[in-house]
Amino acid sequence: SGEAQSLATAHAPIFVAQVRTELSGIEGETFEARSRAGRAVQARYHRGTDAAVMISGGQHPNETTGIIGALRGAQALASRRGAQFNISPLENTDGYAVHHRLRADNPRHMHHAARYTALGDDLEYRTAAQPHEKAIRFEAQRLSGARLHINLHGYPAHEWTRPLSGYVPRGFAMWTLPKGFFLIMRYQHGWEERAERFIDAVTRRLAAVPGLVAFNDTQISLYETHAGETGFRIINGFPCMISVDDRHDVPLTLITEYPDETIYGDAFIAGHTAQMETVLAAYDAFQMIESVA
């Protein structure tokens with residue numbers, strides 16, 4: 001544990017005790033799961049009249065802006081009349097404990113090991129009979145019936161040096177260079193047209209966030225100089241990957257990717273502010289989509 005920070009100006013990852021305190025301040029029904037190591041994974045269901053949305057962070061807890069962004073976004077939504085959502089800001093509590101322990105010795109390292117659970121897997125793809133941490137998602141969907149999952153992530157911010165270091169984890173070559181704040185849109189069959197309208201609305205809203213498109217432009221330009229084409233679609237200034245994926249239990253899944261591993265100070269504040277703005281933009285875009293479905 002350590003000192004709490006104001007969420008809006010948090011300059012470094014917050015401690016788990018503050019995550020729980022901030023979560024408890026959101027009105028709603030508490031539910032939880034247990035990690036492989038026995039830590040609580042806590043969530044809240046804020047019941048309302050809007051179309052329900054799932055918000056999560058900390059699946060990979062060395063990707064730290066999403067944890068704060070999820071809380072900030074949920075707190076803003078909770079003040080709205082009719083808002084309906086569930087929020088699980090820290091899904092991988094075992095990995096978060098590892099990250100804090102490793103970061104104390106080397107705060108500027110990406111700490112890839114903390115990406116995983118105590119089982120050594122990525123909870124997203126767990127199919128074991130005992131779901132442990134992943135049970136929080138099953139319960140979130142059961143409670144709310146949400147058809148959109150806003151899943152906040154990050155990726156390495158310091159990777160300009162890593163290709164020369166000899167350390168690139170297997171299967172992670174595409175993550176070796178920052179390419180701005182980009183979005184992954186996954187949809188089930190039959191939802192393609194709605195997914196396209198949704199991602200257009202979200203990126204239009206995010207384009208109004210001061211400095212965010214300029215940040216993307218700078219990183220994309222550097223990427224293209226050193227590595228060529230990004231391979232992404234650029235939608236309203238944001239690199240996007242859009243694909244059909246029926247593995248998810250909800251029809252629409254929006255995954256954010258902010259280059260946040262190893263950042264602090266103003267850069268960290270900009271990161272979790274972008275994540276918060278995405279929660280709000282995605283929530284509003286989904287209400288629009290549902291109203292005309």
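Scoring rules and cut-offs
Residues numbered from 1 in each chain as written. Predicted model: local features only at pLDDT ≥ 70, side-chain atom pairs only at ≥ 80, totals over all residues. Heavy atoms only, no water. Axes fitted to C-alpha atoms, helices over the stretch in contact; angles between N-to-C directions. Helix = DSSP H or I, 4+ residues; strand = E, 2+ residues; numbered from the N terminus. Parallel < 35°, antiparallel > 145°, perpendicular 65-115°, else oblique. Left-handed = near helix turned anticlockwise from the far one by under 90°. Contact = heavy atoms within 4.5 Å. Nonpolar A, V, L, I, M, F, W, Y, C, P; charged D, E, K, R; others polar. Buried < 20%, exposed > 50% of the residue type's maximum accessible area, 1.4 Å probe, protein only. Pairing = 2+ DSSP bridges. Core = buried A, V, L, I, M, F, W, Y, C linked by side-chain atoms within 4.5 Å. 1 Å grid on protein atoms, 1.4 Å probe; cavity = no way out; pocket = protein on both sides within 12 Å on 5 of 7 lines; lining within 4 Å. Points joined across faces, edges and corners; volume = space filled by probe spheres on them.

Trainee: So what's going on with the packing of helix α2 (residues 65-78) against helix α7 (residues 265-292)? Which residues, and what values?
Mentor: One can describe the packing of α2 onto α7 by two numbers: an axis separation of 7 Å at closest approach and a directional angle of 45°. Relative to α7, the element α2 is oriented oblique. Between α2 and α7 lies a crossing of right-handed hand. For the pair formed by α2 and α7, the contact residues are Thr65, Gly66, Ile68, Gly69, Arg72, Gly73, Ala76 and Leu77 on the first element and Phe268, Gly271, His272, Thr273, Gln275, Met276, Val279, Leu280 and Tyr283 on the second. Here the contact of α2 with α7 is composed, by residue class, of eight nonpolar, eight polar and one charged.

Trainee: Break down the pairing of strand β2 (residues 40-46) for me, with residues and values.
Mentor: The buried count for β2 comes to six of seven residues, which makes it a mostly enclosed element. Pairing of strand β1 (residues 29-34) with β2 involves six bridges; the strand directions are antiparallel. Its bridge partner being in β2, Thr30 is matched across the sheet by Arg44. Taking the residues that link successive antiparallel strands as the turn, the β1-β2 hairpin has five residues, and the phi of Gly38 there is positive, at about 95°. Relative to strand β4 (residues 85-88), β2 runs antiparallel, the two sharing three bridges.

Trainee: Describe the nonpolar core, with residues and values.
Mentor: The biggest cluster of nonpolar side chains holds 53 residues, and the ones touching the most others in it are Ile55, Phe198 and Val202. Here this core gets 11 residues from one element, more than from any other, and that element is α7.

Trainee: Which residues make up the layout of surface pockets, and what are the values?
Mentor: For the largest pocket, the calculated volume is near 380 Å³. Lining the largest pocket we find 25 residues, and of these His60, Arg115, His153, Trp175 and Glu257 sit closest to its centre. Among the elements that line the lining of the largest pocket, the one with the most residues is strand β5 (residues 148-156), at five residues. Taken together, the residues that form the lining of the largest pocket break down as 10 nonpolar, seven polar and eight charged. Taken as a whole, the second largest pocket holds about 230 Å³ of empty space. Glu124, Lys134, Arg137, His248 and Asp249 are the residues nearest the centre of the second largest pocket, which is lined by 13 residues in total. For the lining of the second largest pocket, the leading source of residues is helix α4 (residues 135-144), giving three residues. Looking at the lining of the second largest pocket residue by residue, the class counts come to four nonpolar, four polar and five charged.

Trainee: Describe unusual backbone geometry, with residues and values.
Mentor: Located in the positive-phi region is His111, a residue other than glycine, with phi close to 50°. Within the secondary structure, His111 sits in the loop between α3 (93-105) and α4. Exposure remark for His111: the relative accessible area of 7% places this residue in the buried category. At Thr262, a position not held by glycine, the phi torsion is positive, near 90°. Mapped onto the secondary structure, Thr262 falls in the loop between β9 (252-261) and α7.

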